[in-house]
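# Structure at a glance
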Amino acid sequence: MKNWWSNLSERERWITGGGGALTLLFLLYALAWRPFHANLLTLRQTVATQRQDLAWMRQAAAEVKRSSASPAAATARQSNPQSLLTLVDQTARTAGLGTVMKRIEPQGEDKLRVQFEQVDFDRLIRWLGSLEQEHGVTSASVTLDRQAEAGRVDARLVLQGRTS
C-alpha cells in the first residue's frame, strides 16, 4: 500500500485523499447523522403526543376529583349529556379504544352516537359490558360491519345513559 501511494503523482495523491475524505464524510452522514436526526424527529413527535395525552389526563383527573367529592353532584351530572359524553370518552380511552373511536356526538339529552373504525370486536364488547354494569349506560342501537382483518369491525352505536 505504501509502495502504491509513493508511486502516485502529487496530483493523484490529492485526488485520492480528497475522494477518501468525501467518502468518509458521506459514510458519517449516512450511517450516523441521518439515522440520529430521523430518530430525533420521531422522538419529538412522540413527546408532543404524550404531552397532549398528559393534558387530557390532568383534565380527566380533575373531573374525577370533582365527581368523587360530592356523590349528589355526581348523580346530577350523570343525567347531563355532557357527563355521558365525558364518561364514554374516558372509559373508551381507558379500554384502549381511544385511537379507533372516530366520532362521538350527542343525540338528545341522554343519548350519544359513537363511531369506531377497525376496532377489535372482543375489546368493544367488553367495553360495552362494563359501561352497562358499572355505569348503567345501555346500547340503544348497534350496527357492526365485519372487516377483512379477523376480529376487526366498524361499529356505529347509539348509547343511552341512565334517566333520573
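Now for a description of the structure that goes with this document. (Residues numbered from 1 in each chain as written. Predicted model: local features only at pLDDT ≥ 70, side-chain atom pairs only at ≥ 80, totals over all residues. Heavy atoms only, no water.)

Taken as a whole and assessed by the stated rule, the structure comprises four salt bridges. As a salt-bridge pair, D145 and R156 come within 2.9 Å of each other at their nearest N and O atoms. Residue D145 is located in strand β3 (residues 138–146), and its partner R156 is located in strand β4 (residues 152–160); the two are separated by eleven residues in the primary sequence. (Salt bridge = Lys/Arg side-chain N within 4 Å of Asp/Glu carboxyl O. Helix = DSSP H or I, 4+ residues; strand = E, 2+ residues; numbered from the N terminus.)

Time to look at the sheet that holds β4. Read across the sheet, four strands follow the order β1-β2-β4-β3 without closing on themselves; strand pairing throughout is antiparallel. Among the strands making up the open sheet, the edge pair consists of β1 (101–106) and β3. Here the average twist between neighbouring strands, direction ignored, is 10 degrees. Here β1 runs beside strand β2 (residues 111–120); their pairing, made up of five bridges, is antiparallel. Bridge pairing in β2 links P106 to L112. Helix-sheet contacts for helix α5 (residues 121–135) involve β2, β3 and β4, and the interaxial angle to β4 is about 15 degrees. (Pairing = 2+ DSSP bridges. Axes fitted to C-alpha atoms, helices over the stretch in contact; angles between N-to-C directions. Contact = heavy atoms within 4.5 Å.)

Next up on the list: unusual backbone geometry. Within the chain, Q118 stands out as a residue other than glycine whose phi angle is a positive 55 degrees. Following the sequence through the fold, Q118 ends up in strand β2.

Moving on, we get to the side chain of Q90. Its location among the elements puts Q90 in helix α4 (residues 81–94). If we ignore the near neighbours within four places in the chain, the residues touching Q90 are W56, A60 and E63.

The next thing to look at is the environment of L128. With respect to the helices, strands and loops of the structure, L128 is situated in helix α5. Since its relative accessible area comes to 11%, L128 is described here as buried. With residues up to four places along the chain from it excluded, the contact list for L128 reads S139, L157 and L159. (Buried < 20%, exposed > 50% of the residue type's maximum accessible area, 1.4 Å probe, protein only.)

As a further point, take α5. Residues that lie three or four places apart on an α-helix share one face, since the helix turns once every 3.6 residues. For α5, built from 15 residues, the straight-helix expectation of 21 Å at 1.5 Å per residue is met to within 8% by its first-to-last C-alpha distance of 21 Å. Within α5 the residues assigned to the buried category are L124, W127, L128 and L131. Burial along α5 is one-sided: seen end-on, the buried residues are contained in an arc of 100 degrees. Residues of α5 that are exposed and point more than 90 degrees away from the buried face comprise R126, Q133 and E134. In the stretch just after α5, G136 is the one whose phi turns positive, near 70 degrees. (Expected span 1.5 Å × (residues − 1). Arc of directions from axis to C-beta.)

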